[in-house]
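Geometric and topological summary
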Number of protein chains: 2
Amino acid sequence: MGISKIDKMHSLSKNQQIIFDLIDKSPEPLKAYTILFNVQKKGIKAPLQVYRALDKLVEIGKIHKIESRNAFIACHNSSCQVAKATAFSICEICEKVTEISSAGLSKYLANFKDKDGMKYNKYNLEFFGLCKKCR
Amino acid sequence: MGISKIDKMHSLSKNQQIIFDLIDKSPEPLKAYTILFNVQKKGIKAPLQVYRALDKLVEIGKIHKIESRNAFIACHNSSCQVAKATAFSICEICEKVTEISSAGLSKYLANFKDKDGMKYNKYNLEFFGLCKKCR
DNA sequence: TAACACTATGTAATAATATAACATTTATAA
DNA sequence: TTATAAATGTTATATTATTACATAGTGTTA
Ligand SMILES: [Zn+2]
Ligand SMILES: [Zn+2]
Ligand SMILES: [Zn+2]
Ligand SMILES: [Zn+2]
């Protein structure tokens, strides 16, 4: 059997897998140095090892960076395999972050043209407000 | 005459004015330590003095933070006196940043509801692509 | 296999971004 | 005036991210 090309595209290296697993099972976005602290028992000892894995995971769309928080969250939106078009809601009290998956929103933004008629191939949108629990 | 209440709302302290002037006349977003370097001759010597002024200027909507770049730009959109709803286009080659002022876009986002029907009172959107010159 | 290119890893040092803590001064308003 | 809030000055420190260089693994192909 071996590993097919498609499988290969999604296979992660050792450090990438360790760090992805941690982010994926976290209920909240994780910061780079929180990740570092939590993977030291697995042999990842230096910031650069974390940042390299994060860069790659962002590049292939397995995780996203929440720019306003300098934190990373696993992608839970099957339609964004490429880290190209992301939208999140962020609670300003409890800091809960949810990836928004709205066909209407992504269609609107993908087709948005600025006043020069320019379209953009990539965007990141962060909504802020209060989540259900914190209202 | 004196200073009216409306004028007062827009008056800036000494450090705030120095830092706003620098950002306002810059053709590109400025980073905090670039600002610090450029205002040292005016007596602002410590990072905290810069960050405090930046915080205030963001709060009152005179400047915005470009989160993906950790940089600050003056507001050129008369309708966003409050730092609540911001949208930018960012060129991935030359890093030119432009504030987007589109009634349609702001209306769409202000009225956007997530799948729970939640609305959010604040957002930041960053579009990425190539500007006219870099295409 | 051997040679090559490419990706990933390990490690140390350092750069860049941002905040904590505390003392003092200035502006505003009752 | 007196109280209050806002802004400033200063030192130290915390947090986030990259540079530089050496080594090891992986996949391809001659
Ligand atoms: Zn996603
Ligand atoms: Zn909440
Ligand atoms: Zn603005
Ligand atoms: Zn450009």
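See the structure above.
Before going into details, it helps to say that this report is about the structure given with it.

Analysis parameters
- Residues numbered from 1 in each chain as written.
- Chains lettered and ligands numbered in written order.
- Predicted model: local features only at pLDDT ≥ 70, side-chain atom pairs only at ≥ 80, totals over all residues.
- Heavy atoms only, no water.
- Donors = N, O, S within 2.8 Å, 3.2 Å for Na, K, Ca; no water.
- Tetrahedral: all angles 85-135°; square planar, octahedral: opposite > 155°, others 65-115°.
- Helix = DSSP H or I, 4+ residues; strand = E, 2+ residues; numbered from the N terminus.
- Buried < 20%, exposed > 50% of the residue type's maximum accessible area, 1.4 Å probe, protein only.
- Least-squares fit on C-alpha atoms with pLDDT ≥ 70 in both.
- Contact = heavy atoms within 4.5 Å.
- Expected span 1.5 Å × (residues − 1).
- Buried area = accessible area lost by both parts, 1.4 Å probe.
- Salt bridge = Lys/Arg side-chain N within 4 Å of Asp/Glu carboxyl O.
- Polar contact = N/O pair within 3.5 Å; in protein donor to acceptor, adjacent residues only side chain to side chain.
- Near = heavy atom within 4 Å.
- Nonpolar A, V, L, I, M, F, W, Y, C, P; charged D, E, K, R; others polar.

Overview of the coordination of the zinc ion (ligand 2)
All names here are of chain A. Protein coordination of the zinc ion (ligand 2) is provided by Cys91 (SG), Cys94 (SG), Cys131 (SG) and Cys134 (SG), with donor distances spanning 2.3 to 2.4 Å. Each of the four donor atoms bound to the zinc ion (ligand 2) contributes to angles spanning 105 to 113°, and the resulting shape is tetrahedral. For the zinc ion (ligand 2), the donor residues sit on a single chain with the sequence spacing C-x2-C-x36-C-x2-C. Residue Cys91 is located in strand E3 (residues 85–91), and its partner Cys134 is located in the segment after strand E5 (122–129); the two are separated by 43 residues in the primary sequence. An identical accessibility class is assigned to Cys91 and Cys134; each is buried.

Side note on the relation of the copies chain A and chain B
Once chain A is rotated about the relating axis by 180° and shifted along it by 0.0 Å, it coincides with chain B to within an RMSD of 0.0 Å. Such a combination of rotation and displacement between the chain copies is what one expects of a two-fold axis. Within chain A, the C-alpha atom positioned nearest to the axis of rotation is that of Leu125(A), 2.1 Å from it. Here 100% of the contact residues of chain A are again contact residues in chain B; the copies associate through an equivalent surface.

Let's talk about helix H2 (residues 14–25) of chain A
All names here are of chain A. With 12 residues, H2 extends 17 Å from end C-alpha to end C-alpha; this agrees with the ideal 16 Å at 1.5 Å per step. Three or more residues of H2 are buried, namely Gln16, Ile18, Ile19, Phe20, Leu22 and Ile23. Contacts from the buried residues of H2 go to helix H3 (32–39), helix H4 (47–59), strand E1 (63–66) and strand E2 (71–74).

A look at the interface of chain A and chain B
Each partner contributes residues to the interface: chain A has 28 residues there, and chain B has 28 residues. Together, the buried faces of chain A and chain B total about 2,500 Å²; carbon and sulfur atoms form 66% of this surface. One can count two salt bridges joining chain A with chain B. Between Glu92(A) and Lys122(B) there is a salt bridge, and its shortest N-O distance comes to 3.2 Å. Applying the counting criterion to the chain A and chain B interface returns 14 residue pairs in polar contact (both at pLDDT 80 or more). Elements with a contribution of two residues or more to the side of chain A that touches chain B: helix H5 (103–110) and E5 of chain A.

Notes on the side chain of Ser26(B)
Tracing the chain through its elements places Ser26(B) in the loop between helix H2 (14–25) and helix H3 (32–39). A residue is classified by how much of its surface remains accessible, and Ser26(B), at 18% relative accessible area, is buried.

A look at the protein's contact with DNA strand D
In the vicinity of DNA strand D lie 16 residues, with Lys31(A), Lys65(A), Ser13(B), Gln49(B) and Arg52(B) positioned nearest. Sugar and phosphate atoms constitute 47% of the interface atoms of DNA strand D, taking the interface as everything within 4 Å of the protein. Gln49(B) has a polar side-chain atom sitting 2.5 Å from a phosphate oxygen of DNA strand D. No other element matches helix H4 (residues 47–59) of chain B, which puts four residues into the surface near DNA strand D. By residue class, the composition of the surface near DNA strand D is five nonpolar, five polar and six charged.

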